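Understanding the architecture of this molecule
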Amino acid sequence: EAVTVLKKVEEVYQVRFEMEEAAFGGAAVDLYGTPLPEHTFSLCEQADAVLLGSIGGPRWDSLPPEKRPETGGLLPLRKRLDLFANLRPVKLYPKLRDFCPVKVDDRELDILVVRELSSGIYFGSPREYSDQYGLDTMVYKSEEVRRIAEVAFTAALNRGKKVCSVDKSNVLASSRLWRKEVELMSSNYPDIAVTHMYVDNAAMQLILNPHQFDVILAGNLFGDILSDEAAVLAGSLGLLPSASFGSKVKLYEPAGGSAPDIAGKGIANPVAQILSAAMMLEYSFDMVEAADNVRKGVEKTIQAGIVTGDITKNQGVSTKEMGFSIAENIISGV
């Protein structure tokens with residue numbers, strides 16, 4: 001459905017996207033025996049942008065780590081493309097306020113989670129596992145914290161000028177370094193109000209008072225958890241897009257993973273993927289107006305009550321119906 005929307009953008013804005021498809025994750029394991037084939041990585045590396053679908057599922061969970069879609073595909077892809085910053089916007093559409101499981105007041109809810117993506121416990125060494133023992137290592141270096149902090153502060157300049165940095169510096173050495181470097185970086189941004197919050201409190205505050213947040217800055221593990229928790233504020237994980245930035249090509253994907261329990265039923269929510277494509281239009285192709293109109297197309301569709309079952313908790317429209325409606329609502333001019 002994201003491709004359907006991009007084809008509508010081509011029509012409306014008289015542009016052409018050269019799209020190439022490649023197997024990745026579980027699909028690549030089935031075809032080639034590996035979640036990240038070299039020809040797939042080569043296409044990603046040479047592209048102007050990568051639009052990634054959701055990957056993974058129970059059928060591949062029992063494979064060795066290097067064969068699993070996440071640990072053998074997604075993490076290596078992020079590392080090899082040097083994708084160190086993940087931006088996850090969380091927005092509650094007015095029409096969905098009643099569907100939000102958390103009581104949220106009438107103010108606009110708009111949060112940006114900036115997650116460090118290429119370091120931390122997901123990549124730390126040593127890493128060991130046996131039937132009786134498991135070991136993971138959380139490591140951060142000063143330059144890794146500084147560069148992700150700079151992304152968060154820069155983003156805040158164009159928003160509410162507030163950054164809440166999340167850590168666990170009361171018990172973790174890596175978090176003590178994190179907090180120190182964020183404090184040092186904040187001196188370069190005198191217009192940004194900076195606060196620090198322990199991750200357990202941040203998880204609670206996201207539910208109790210989400211409006212206090214503008215930009216949330218977090219490490220890999222904490223950012224992963226908090227951004228998925230924030231999905232409940234939007235009404236569904238199927239509504240949250242993300243963009244991953246680095247020194248090479250940018251990558252865009254839904255914040256949530258696949259939904260294997262409904263695979264093949266044609267009822268999955270396509271909005272996160274479509275909004276990821278909108279982020280791609282804005283950040284990789286500088287098509288800001290087109291990106292805004294894709295978002296407006298999503299909002300018009302939702303306002304019309306055209307939503308999938310994950311939002312209504314009842315019988316919703318099909319994936320294709322929702323994608324078609326969004327595409328039809330895209331018109332030129334903001």
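See above for the structure.
Residues numbered from 1 in each chain as written. Predicted model: local features only at pLDDT ≥ 70, side-chain atom pairs only at ≥ 80, totals over all residues. Heavy atoms only, no water.

1. Things to note about the overall build of the protein chain
To be explicit about the condition: Numbering of helices and strands runs from the N terminus; a helix is a DSSP stretch of H or I covering at least four residues, while a strand is a stretch of E covering at least two. As defined in this context, the radius of gyration uses C-alpha atoms, and a globule is described by 2.2 Å times the residue total to the power 0.38. Remark: exposure states derive from per-residue accessible area (1.4 Å probe, protein chains only) relative to the maximum for the residue type, with buried under 20%, exposed over 50%, and partly exposed in between. By definition, residues are in contact when any of their heavy atoms lie within 4.5 Å. With residues, only the protein chains shown are counted as cover, and all accessible areas are computed by Shrake-Rupley using a 1.4 Å probe. Neither His nor the chain termini are counted; the positive set is Lys and Arg, and the negative set is Asp and Glu. For charged residues, the charge sits on one atom: NZ in Lys, CZ in Arg, CG in Asp, CD in Glu.
Within the protein chain one finds twelve helices and ten strands. The C-alpha radius of gyration computed for the protein chain amounts to 20 Å, which stays within 12% of the reference 20 Å derived for 334 residues, consistent with globular compactness. Taken along its principal axes, the extent of the C-alpha atoms in the protein chain is 50 × 50 × 40 Å. Taken across its 334 residues, the protein chain has 49% of its residues classed as buried. When contacts within the protein chain are restricted to residue pairs at least 6 apart in sequence, those whose partners lie at least 24 apart make up 72%. In the form shown here, the protein chain has an accessible surface area of approximately 15,700 Å², with 52% of it arising from carbon and sulfur atoms. Each charge class in the protein chain can be summarised by its mean position, and for the 35 positive and 45 negative side chains these summaries are 2 Å apart.

2. Concerning the layout of surface pockets
Here is the rule: Using a grid of 1 Å spacing that covers the protein atoms alone, one calls a set of points a cavity when a 1.4 Å probe fits there but cannot get out, and a pocket when the set is open and has protein on both sides within 12 Å along at least five of seven lines; lining residues are those with an atom within 4 Å of a point. Grid points are joined across faces, edges and corners, and a volume is the space filled by probe spheres set on the points.
Volume-wise, the second largest pocket comes out at about 730 Å³. If you trace the second largest pocket, you find 26 residues lining it, with Pro 89, Arg 159, Glu 282, Tyr 283 and Arg 295 closest to the centre. Elements with a minimum of two residues in the lining of the second largest pocket: β2 (83-91), β3 (110-116), α5 (142-157), β9 (241-246), α9 (271-283) and α10 (288-303). Here the element with the most residues in the lining of the second largest pocket is α10; it accounts for five residues.

3. Some points on the pairing of β9
Let me state the cut-off plainly: Strand pairing is assigned whenever DSSP identifies at least 2 bridges connecting the two strands.
With respect to burial, β9 is a largely interior element, five of its six residues being buried. With four bridges joining them, β2 and β9 adopt antiparallel strand pairing. Its bridge partner lying in β9, Asn 86 is registered against Ser 244. Where β9 folds back onto strand β10 (residues 250-254) in an antiparallel hairpin, the turn is made up of three residues.

4. Some words on empty space enclosed by the protein
Tallied over the entire structure, the rule returns one cavity of 30 Å³ or more. Reported here for the largest cavity is a volume of approximately 90 Å³. Surrounding the largest cavity, 13 residues form its lining, Met 138, Tyr 140, Ser 175, Gly 219 and Phe 222 being those nearest its centre. Secondary structure elements with two or more residues in the lining of the largest cavity: β6 (162-167), α6 (173-186) and α8 (220-234).

5. Let's talk about the side chain of Ser 242
Worth spelling out the cut-off: By the criterion applied in these results, polar contacts are pairs of N or O atoms within 3.5 Å in which, for protein atoms, one can donate a hydrogen and the other can accept it, and in which residues neighboring in sequence qualify only through two side-chain atoms.
As for its placement among the helices and strands, Ser 242 is situated in strand β9. A polar contact of 3.5 Å, which involves the side chain of Ser 242, links it to the side chain of Asn 86. Among the polar contacts made by the side chain of Ser 242, one reaches the main-chain carbonyl oxygen of Glu 253 at a distance of 2.8 Å. Non-local contacts of Ser 242, meaning those with residues more than four positions away in its chain, are made with Asn 86, Leu 87, Arg 88, Leu 251, Tyr 252, Glu 253, Pro 254, Ala 255, Ser 276 and Met 279.

6. Points about the pairing of β2
With seven of nine residues buried, β2 lies mostly within the body of the structure. Strand direction decides the pairing type here: β2 and β3, joined by seven bridges, are antiparallel. Note that in β3 the partner of Leu 87 across the bridge is Val 114.

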